[in-house]
Each structure stands twice: as C-alpha cells, then as structure tokens.
Amino acid sequence: MTMPMVRFDKVTKRYGPLTVLDQLDLDVARGEKVAIIGPSGSGKTTVLRMIMTLERIDDGVIYVEGEPLTHMTRNGRLVPADARHIRQVRAKIGMVFQHFNLFPHMTALANCTEAPMTVLRLKRKEAEERAGDLLAMVGLADKRGHYPSQLSGGQQQRVAIARALAMRPKVMLFDEVTSALDPELVGEVLNVIRKLGAEHDLTMLMVTHQMGFAKEFADRVCFFYQGRIAEQGSPSELFGAPKNDRTRQFLRAVLEAG
Amino acid sequence: MGVRSLVAILALTIALIAVLGSQPQWAVFMPGLLEGTRITVMVALLGSALAVVAGLAAGLARLYAPTPIRWVASTYVEVFRGTSALVQLFWLFFVLPQFGLSLEPFTVAVLGLGLNVGAYGSEVVRGAIQAVPRGQWEASTALNITRPQMLRRIILPQAFVAMVPPWGNLFIELLKSTALVSLITLGDLAFRAQQMNQTTMRTIPIFTLVLLIYLAISLVITIGMRSLEGRLGKGLARGRGAR
Amino acid sequence: METETLWDWSYVAEILPILAGAAVVTIEATLIGFALAAVIGLVLAILRFAVPALSWPVAALVEFIRSTPLLIQIFFLFFVFPEFGIVLDAFTAGVLALGLHYGAYCSEVYRAGLEAVPRGQWEAAIALNLGQTTTFRDIILPQALPPIVPALGNYLVALFKETPLLSAIAVLELMQTAKILGSETFRYNEPITLVGLFFLAMSLVSAAAIRLVERYLKRRVAR
C-alpha cells in the first residue's frame, strides 16, 4: 500500500475537561482532496490546526509523508520533536485561514515574497517572479502593488492562497476560507481552489460549509461529530445516502439554512 | 482634530507669543524666557530619546527575556511608575551624592525624566505588541517563518504604528514634567519664569507667555507624531480590511 | 572625618513621626484636590454636553490645561490671585490648581464614558418613550460608569503622586518636609527614600484596589 500523505494515529486533543479530538485515525492519500464537514465544536478546525502545528498534540502521532510531524525518532524511539524538526516537516504544509491574515503593512506581492525570501532564501528576483506567476494564476496580476486594505475580501483570500503556494507545499489546508466572505465573493475563491485541484498534484484538506462545492470537488468527505469521524465516504455516498443518523440530522439542518 | 487645524492653532499661538512678546511692557521678559525654552527643549528631546530606548528595552524584556532579566525590567517599571517624577528627580539630585555620585542638574533631569517616562513607555510597547492580531502570528507560523524574523518583519512593524499615538501622549507628559527640573536648580523655562516673577512680581505677563510657549511646544509634538503615524501607517488603513 | 553610614535607623525613627504628620497634609491635599477635580470635571462635561455653544470653548480650555505643566499652573494661581486682591494660602492655591488640572482630565473621562454607550441605547430609550431623566439614570449611566470609575481612580492615584509639586510653593506636605529635614541634617537619603517608598506602597495598594473595583463593576453590568 502506498504511504499516506498525512496520517493521524490515535490523535487526541483536550482543552481542559473538554476532549476536542478523540483518538482520531485519519489517512489522507497523496493528491487526495478531502472535505471535512460537521457542526461547530466537532473538532474539524482543530484537525487542520494540528497539522499546521498551531496546536499541541495531547496523545498520538501525526505523520506527514511517512515522517512523524510532532515527534522524532531518536535512538529508535519516538520522542517529542524539537523546534528544528518541526520546522523541517512543517515546510511541506501550507494553510489558508478564514480571516485571511495577510500582512497589512505589505503589498500583495510582498506578502507572497516574504517567506520565500526569508525562509527559503530565494533571491528577490526569483521570489518576485514566483510570486508574480502565482498572483497571475489567482487572477490578481494587476493588484500586486496593492495593500490588503485596498482589496476586497475575495481578492485578499486569493492573495492568501498565492502566498501559501509560494512555499511550494505538498499539503494545502483550507480552514473555512469562504466563511468570512460576502456571498458574491465566494465564487472567485472556490474557482481558484478548483483550478488548483485540477492543475496540481496537491493533497488538499478543507474544512467547509460549502456543501455544493464539497460534493463536486472532493474525493472524500468526512463528517466529524464530537471529536471523531462519524461517517466518511465519497460525496455521492455521504450526501446521497448517509448511513449515520447524526449525518442525516446535520445535512438536513444545513440544507434548511441554505 | 486634523493635522491642518493643529498647524493653524500652532501658527496662532506663535503669532500670539510674538505679538504679546513685543509689547513694551512684556518684551523685557522674552530673552530670558527664550533661553529657558532652549534648556526645556534640550531636556525634552534627550529625555524622550532615553525614554524610547528604556521603554523598548523594558517592554521587550518583559515579553521575551529570560526570567531574571524580566524581573529586573518589571521592578524598574513598577518603581518608576509608582513614585512620581519629582520624587525621582529629588532622589537623584539629593541622595545620589550621598553615595558618592554627584551628577549635573542637566544629567539628573534627562536621566530622571527619561527613566520615568520610559517606564510608562514599556507598557505601551507591551500593549502594542500584544494587540497585533493572533492571526498574524499564525499566518507567519504557517509560512514557516522563524520567531526572530516574525518579530522583526511582521509583528513589530505593525506594533510600531499602533505605538505612535500613546508615545505622543507620553512625550507631551515628558514636556510638562520638564517644568520640575526648575526645582533642582536647572535654568529651564519654568525656572526663568519663577526667577523673574520673584524679582518683578509681574505674574500675568510672565506666566501667560510661559503657558503659551509650553502650548506651542506641545502642539509641535502632537503635529509631529500625527504626521509620523500617517507616514508609517501607509497601507495600514484605520479600521483595516483584513483581520 | 566621621564615617558616614548610608542608612541610619535611629535617624529614621526620629523623622518618622514628622513625616507621618506631613503625610496627613499630603492625603488631605489629595482628597480635597480630587473632590474638586471630580466636580469641576463633571461641570465641564455637562456644560459641553448640554450647551452646544460652549462646546468649543470648553474643549479648548480643557486642551489648554492638559497641554501645559501643572507646576506652572500652581505658580500661576498662587501668584495671580493677589494681583486681584485675593490672597490665598499655599495649601488652598495648590489644591485649587490640582483640582483644576485634574478636573480637565476628569471631564474627558466623563465624556469618553458617555460616548462609549452605543447610540442604539439612546435610540431604544426614545422608542420606548422613556423620559430624559429615566433614560440617563437607568439606562445610560449604569453602562457609562464601569469604564469611568477605574479611569477616575487612576487619576486619583496620579493626583496623589503629584502632590510633591506643592513643595514648590512651600506647602508642608511630604516632599517639602523631607527636603527641610534633609537640609537641616545634611542627610537626604533617609527622608527622601522613605517618602519614595511611601508613594510606591500607596501606589501599588491603590492600583490593586482599582482593579478590584473594576472587576466588581464589570460583574454588575454583565448581569
């Protein structure tokens, strides 16, 4: 069996008395597009944040491309990883946030060249070339000199996607990236994600409320409930014939609201 | 109030000083007062420079330094905020000599006021850095940027812009505190005023001019800080778009 | 040449009673000065609010007072009144100056506190046809107070720490007394350090007290 790109091995996360992720097992194959849905508090955002090392693990191990992310092997044993190891593995992962988190004091271009120059040590010319190409790909070539405050929400989110891609990650995480957008701006961001999925061999995990998009785009949909995967399957399986009661409940509520 | 209105008021104030200061009855005080103003401005400038250095050092230390250094910084801040500037000036002026260290009044003035305002400044620094949205830290982590680079290129530049208005207020407080150095025999504006008042008892002309001069310097500081804020904040619109 | 000790405990014991007496003067000046400031600030804030024509002049006066040194204002009041035939003793002039100076700051606190109450509250009160007094007393004021009280508390502490300025017009508060003791015996270390420690202690205690008040008020409004 080919090695999964991302593997969660009995991962647990607690916030005080609350268990947010409960011994989660999850395998994501290379190039797979996984949509994660579920009610708030089900742990779905935590999954992404843990891969991105924004949250600490309480139990279990996360593997990226076969290598442990949160731990490292020393003398054949698994010990908690040191900062250098984490950074090394983290380099394969990129994330786009719900609230964009663009650097407000930098232009769109500068946002996309900052990390390549300081972390990957690219020369300015190279970094700007790469950034320019990516901004063109997301349809914002003419906005490279603009500041985030001069861009619409949809444009900012597209810059955020270009910024993450500039680091050439193998796994891209999308955390409810359209939830903070006005409805008419959602489409342009989804289009970029669609394009990404078609043209690149990226492994993508996205937490989303856009059920229609998940249905059409994802290879697999995972429904999270109370820190565990209650049900998962292909979109047609999960949306068309949900086996779990909770899944049915959730889908009904979402469709009513939409 | 916009920068332009402030500049207008400054112009008016200076005009008023010039007009009143050329009245025959009032003109006699001007040379002495202007000499005192020079000292006041010098103390204010040097004191402010020291305050910024001390404030940045203490603020960053309280956030990121190892525990013993953090403790030193916290003690410095609590002591200098908990006692007033005058007490600190008197301590430096009267008590230090008893430990064998006799400083010039000018040095005492700059040191005392600089450290005093620096203590308040450290809180401004801390607050501004902590006010940078969490998302900026997270996005930088996601891009695998190292901590020192994160601070230097992403966090501090944003914090600096937020710091400017409160630092402006602190500089004005420092300016007002310079009047205290008259009480440790330094010949600043307040000293000259008191001196002339003792000899001539012409309170109203002297103190009217003095108050106007302080007001003028105060306005210069405010205008300067507003302009700085405007230039630094390029791109960082007030009430920004991105969160 | 006699050996100079840095800290003489017997001297401390000697001067402590004298400093205690001076502390009373300091505290009196603080309390009366702040009472004045709170009232003057309220008057200024109400004038600005209720009489639109006075809005700009009052604002200008407040800015003028806040932009010029307290020390100069103390000198001004002490020396200017006699020119009009009124002779104020140093204590009165000093307290008046403190009250005026911090009254300007307090007026800003009242203003900010009132403006922080969302417009929607006023509008809801109008929609419910509540009278002006009821609106102010039951709706606006309870929401305006939580930020106002701690801010006033901070200015009380600031005023307290500025009472040493009254030493410049020879009011026998702590700083002046310490200076006189020092000049009499040429031992400045003990008196001034003790005064410093006193202010530091009072400052820390009052900062904690203000935080308690803040928390209490926040809880009351949250309910």
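It should be emphasised that the depicted structure is a prediction, and the values quoted were computed from it without experimental measurement. (Residues numbered from 1 in each chain as written. Chains lettered and ligands numbered in written order. Predicted model: local features only at pLDDT ≥ 70, side-chain atom pairs only at ≥ 80, totals over all residues. Heavy atoms only, no water.)

Trainee: Please explain the overall build of chain A as it appears in this structure.
Mentor: Assigned secondary structure in chain A consists of 9 helices and 12 strands. Against the globule reference of 18 Å for 258 residues, chain A gives a C-alpha radius of gyration of 19 Å, in line with a compact fold. Counting only C-alpha atoms and orienting by the principal axes, one finds that chain A spans roughly 55 × 50 × 40 Å. Burial status across chain A gives 57% buried among its 258 residues. In chain A, once contacts between residues fewer than 6 apart in sequence are set aside, the share between residues at least 24 apart is 63%. For chain A, the exposed area adds up to about 11600 Å²; of that, 47% sits on carbon and sulfur atoms. (Helix = DSSP H or I, 4+ residues; strand = E, 2+ residues; numbered from the N terminus. Rg over C-alpha atoms; globule rule 2.2 N^0.38 Å. Buried < 20%, exposed > 50% of the residue type's maximum accessible area, 1.4 Å probe, protein only. Contact = heavy atoms within 4.5 Å. Areas by Shrake-Rupley, 256 points an atom, 1.4 Å probe, with all protein chains shown as cover.)

Trainee: What's the story with the overall build of chain C in this structure? I'm lost.
Mentor: Helix and strand counts for chain C come out as 8 helices and 0 strands. Reading chain C from its N terminus to its C terminus gives the helix and strand order α-α-α-α-α-α-α-α. In terms of principal-axis extent, the alpha carbons of chain C reach across some 85 × 50 × 25 Å. Counting only residues that meet the buried cut, chain C has 45% of its 223 residues in that class. The long-range share in chain C, meaning contacts at least 24 apart out of those at least 6 apart in sequence, stands at 77%.

Trainee: Teacher, can you tell me more about the packing of helix α2 (residues 55-67) of chain C against helix α4 (residues 90-116) of chain C here?
Mentor: Angle between the axes and distance between the axes: these two values describe a pair of packed helices. Residues and elements named next belong to chain C. Their axes nearest at 9 Å, the elements α2 and α4 cross at an angle of 125°. Taken together, the axes of α2 and α4 lie oblique to each other. In this structure, α2 meets α4 at a crossing whose hand is left-handed. Counted together, V62, I65 and R66 of α2 and L100, H101, A104, Y105, S107 and E108 of α4 form the full contact between these two elements. Tallied by class, the residues present in the contact of α2 with α4 amount to 5 nonpolar, 2 polar and 2 charged. (Axes fitted to C-alpha atoms, helices over the stretch in contact; angles between N-to-C directions. Parallel < 35°, antiparallel > 145°, perpendicular 65-115°, else oblique. Left-handed = near helix turned anticlockwise from the far one by under 90°. Nonpolar A, V, L, I, M, F, W, Y, C, P; charged D, E, K, R; others polar.)

Trainee: Explanation requested: the packing of aromatic side chains in the structure shown.
Mentor: Where two aromatic rings form a pair, the distance of their centres and the angle of their planes describe that pair. For the structure shown, the criterion picks out 20 aromatic pairs over all chains. Both rings, one in Y76 of chain B and one in F80 of chain B, keep their centres 5.2 Å apart while their planes meet at 55°; by these two values the pair is tilted. One end of the pair, Y76 of chain B, and the other, F80 of chain B, are both in helix α4 (residues 67-82), 4 residues apart, so they sit about a helical turn from each other. The same class applies to Y76 of chain B and to F80 of chain B, which are both buried. Here the aromatic rings of Y102 of chain C and Y105 of chain C are separated by 5.6 Å at their centres, their planes lie at 40°, and the arrangement is tilted. Of the two residues, Y102 of chain C and Y105 of chain C both sit in helix α4, 3 residues apart, roughly one turn of that helix. (Phe/Tyr/Trp six-rings, centres within 6.5 Å; stacked < 30°, edge-to-face > 60°.)

Trainee: I keep staring at unusual backbone geometry and nothing clicks. Help me out?
Mentor: Where the residue is not glycine, phi is negative for most of them; where a peptide bond is considered, it is trans in most cases. All names here are of chain A. The backbone phi angle of R121 is positive, close to 60°, even though this residue is not glycine. Mapped onto the elements, R121 comes out in the loop between α3 (108-118) and α4 (124-137). When its relative accessible area of 66% is taken as the criterion, R121 is described as exposed.

Trainee: For this particular structure, what's the right way to read the pattern of salt bridges?
Mentor: Where charged atoms from two side chains of opposite charge come close, those side chains can pair. For the structure shown, the criterion picks out 29 salt bridges over all chains. A salt bridge links D59 of chain A to R14 of chain A, with the shortest nitrogen-to-oxygen separation between them at 3.6 Å. Of this pair, D59 of chain A sits in strand β4 (residues 59-64) while R14 of chain A sits in strand β1 (residues 6-15), and the two are 45 residues apart along the sequence. Taking relative accessible area as the criterion, D59 of chain A reaches 40% and is therefore assigned partly exposed. Across the salt bridge formed by R48 of chain C and E108 of chain C, the nearest N and O atoms sit 3.0 Å from each other. (Salt bridge = Lys/Arg side-chain N within 4 Å of Asp/Glu carboxyl O.)

Trainee: In this structure, what is going on with the interface of chain C and chain B? I would like to understand it.
Mentor: As a measure of interface size, the accessible area lost when the parts come together is often cited. Facing 34 residues of chain C, the contacting portion of chain B comprises 35 residues. Summed over both sides, the interface of chain C with chain B buries roughly 3200 Å², with 74% coming from carbon and sulfur. Among the residues of chain C in contact with chain B, I72, F79 and K161 of chain C are the three that bury the most area, contributing 17% of the side total. If you look at where chain C meets chain B, you find 0 salt bridges. Where chain C touches chain B, the interface holds 12 residue pairs in polar contact (both at pLDDT 80 or more). Contributions of two or more residues to the side of chain C that touches chain B are made by α2, α3 (70-80), α4, α7 (174-185) and α8 (189-222) of chain C. Of the residues forming the side of chain C that touches chain B, the biggest block, 8 residues, is contributed by α8 of chain C. Here the side of chain C that touches chain B is composed, by residue class, of 21 nonpolar, 8 polar and 5 charged. (Buried area = accessible area lost by both parts, 1.4 Å probe. Polar contact = N/O pair within 3.5 Å; in protein donor to acceptor, adjacent residues only side chain to side chain.)

Trainee: When you look at the interface of chain A and chain B in this model, what are you seeing that I'm missing?
Mentor: Counting residues at the interface gives 29 residues for chain A, matched by 24 residues for chain B. Summed over both partners, the interface of chain A with chain B comes to about 2400 Å²; 58% of that surface belongs to carbon and sulfur atoms. Three residues, F103, P104 and H105 of chain A, lead the burial of chain A against chain B; their summed loss comes to 23% of the area buried on that side. At the boundary of chain A with chain B, the tally comes to 2 salt bridges. E138 of chain B is the salt-bridge partner of R49 of chain A, the closest N and O atoms lying 2.6 Å from each other.

Trainee: Mind showing me how you'd approach the arrangement of the chains here?
Mentor: Looking across the 2 pairs of chains in contact, one finds the most contacts between chains B and C. With no contact formed, the shortest span from any C-alpha in chain A to any C-alpha in chain C equals 24 Å.

Trainee: I keep staring at the sheet that holds strand β2 (residues 18-28) of chain A and nothing clicks. Help me out?
Mentor: In a beta sheet, neighbouring strands are held together by backbone hydrogen bonds and run either parallel or antiparallel to one another. Residue and element names in this part refer to chain A. The strand order across the open sheet built from 4 strands is β2-β1-β4-β5, with neighbouring strands paired in antiparallel fashion. Of all the strands in the sheet, just β2 and β5 (67-68) have a single pairing partner and so form its edges. Two elements, β1 and β4, share 5 bridges in a ladder whose sense is antiparallel. Along β4, the bridge assignment pairs D9 with V61. In the packing of helix α1 (residues 44-51) onto the sheet, contacts are made with β1, β2 and β4, and the angle to β1 comes to roughly 115°. (Pairing = 2+ DSSP bridges.)

Read these as geometric descriptors, not functional statements.
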